[in-house]
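Structural characterization, general
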Amino acid sequence: MTYWRWEFVWEILPRLISATGNTLLAAGGGYAIALVLGLALAVAQRSRHNLFKRILRELVEFVRSTPLVLQIFFIFYVGPQFGVWLSPWTAGMVAIGLHYAAYLSEVYRGGIDSVPKGQWEAATAINLTTTQTYWRIILPQALPPSLAGMGNYLVGIFKDTPMLSVIGVGELMHTANAIGSESYRFLEPYTLVGVIFLAISLPTAALIRLLEALVRRTLGMS
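1. Quick word on the overall build of the protein
- Assigned secondary structure in the protein consists of 8 helices and 0 strands.
- Starting at the N terminus, the α and β elements of the protein follow one another as α-α-α-α-α-α-α-α.
- The principal-axis extent of the C-alpha atoms belonging to the protein is close to 75 × 50 × 25 Å.
- Taken over 222 residues, the protein has a buried fraction of 39%.
- A separation of at least 24 residues holds for 78% of the contacts in the protein among residues at least 6 apart in sequence.
- When the accessible area of the protein is evaluated, it comes to approximately 12,500 Å², of which 66% is carbon and sulfur surface.
- With 16 positive and 12 negative side-chain charges, the protein shows a spacing of 11 Å between the two charge centroids.

2. Describing unusual backbone geometry
- Even without being a glycine, Asn127 presents a positive backbone phi close to 65°.
- Position of Asn127 relative to the elements: it lies in the loop between α5 (117–125) and α6 (130–160).
- By relative accessible area, which is 66% here, Asn127 ends up exposed.
- Here Tyr184, not a glycine, exhibits a phi torsion of approximately 60°, which is positive.
- Structurally, Tyr184 can be placed in the loop between α7 (172–183) and α8 (187–218).

3. Observations concerning the nonpolar core
- Within the largest apolar cluster, 47 residues are counted, with the highest numbers of intra-cluster contacts made by Leu16, Leu104 and Leu172.
- Residue assignment for this core shows that the elements contributing at least two residues are α1 (6–44), α2 (50–65), α3 (68–78), α4 (88–113), α6, α7 and α8.
- The element best represented in this core is α1, accounting for 12 residues.
- Setting aside its immediate chain neighbours within four residues, Leu104 contacts Tyr31, Ala34, Leu35, Met150 and Tyr153.

4. Quick look at the packing of α4 against α6
- Their axes nearest at 8 Å, the elements α4 and α6 cross at an angle of 140°. Considered as vectors, α4 and α6 are oriented oblique to each other. Here α4 and α6 pass one another in a crossing that is right-handed. Here Ile96, Tyr100, Tyr103, Leu104, Val107, Tyr108, Gly111 and Ile112 of α4 lie close against α6, whose contacting residues are Tyr134, Ile138, Ala142, Leu143, Ser146, Gly149, Met150, Tyr153, Gly156, Ile157 and Asp160.
- Of the residues that constitute the contact of α4 with α6, the class distribution is 14 nonpolar, 4 polar and 1 charged.

5. Section: the pattern of salt bridges
- Under the criterion given, the structure shown has 8 salt bridges.
- The closest approach of N and O atoms between Glu106 and Arg57, which form a salt bridge, is 2.5 Å. With a gap of 49 residues between them, Glu106 in helix α4 and Arg57 in helix α2 connect regions that are remote in the sequence.
- By relative accessible area, which is 17% here, Glu106 ends up buried.
- Notably, a salt bridge pairs Glu106 with Arg109, separated by 2.8 Å at the nearest N-O pair. In this pair, Glu106 and Arg109 both sit in helix α4, 3 residues apart, roughly one turn of the helix.

Calculation rules
- Residues numbered from 1 in each chain as written.
- Predicted model: local features only at pLDDT ≥ 70, side-chain atom pairs only at ≥ 80, totals over all residues.
- Heavy atoms only, no water.
- Helix = DSSP H or I, 4+ residues; strand = E, 2+ residues; numbered from the N terminus.
- Buried < 20%, exposed > 50% of the residue type's maximum accessible area, 1.4 Å probe, protein only.
- Contact = heavy atoms within 4.5 Å.
- Areas by Shrake-Rupley, 256 points an atom, 1.4 Å probe, with all protein chains shown as cover.
- Lys, Arg positive; Asp, Glu negative; His and termini not counted.
- Charge placed at Lys NZ, Arg CZ, Asp CG, Glu CD.
- Core = buried A, V, L, I, M, F, W, Y, C linked by side-chain atoms within 4.5 Å.
- Axes fitted to C-alpha atoms, helices over the stretch in contact; angles between N-to-C directions.
- Parallel < 35°, antiparallel > 145°, perpendicular 65-115°, else oblique.
- Left-handed = near helix turned anticlockwise from the far one by under 90°.
- Nonpolar A, V, L, I, M, F, W, Y, C, P; charged D, E, K, R; others polar.
- Salt bridge = Lys/Arg side-chain N within 4 Å of Asp/Glu carboxyl O.

Here is the structure:
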């Protein structure tokens, strides 16, 4: 019995490459949402209103403590009961964005907390507004130490995109399942999916480490 068929590999490879583009689109869209929303959550948690801070903190912990696949199902299937109708693509990216925003908010929070207290006091002394303080003083110092965590979650998002197949998003895993169901051959499509994920994840992780080292050298942090 021939377990591996190269002719079948060349036949299905174009479909998987096309699905790779969809996977990258889903990961990129979700990550963009997570970057912006995570920063907003981190800044909001520094509010002077204790009740507001506590609510946000509990919300972040709730999102971090529940599975991503459950959140995907909830947004796509439960959302319409409250008048929120989203396509599978939009629901998937929103779910990924919300889920990882909770994690990135903690990364941002750690970076912001690492900024010396004297920097905040200096910004107050020269009468900067809160917005000016963050954009001119705090964030330029807080983001470099956060790069490693931000990069790790980018890779994590990419590896979690197969969960979107549960709502019919045509990403890599969904396409591999479809190919297997059509041909009754799963070895080749699943193996290729694993190879494609490795081929993207490993160089991405290496580039993130390189960027982190470059930023640290530029800022004189190493």
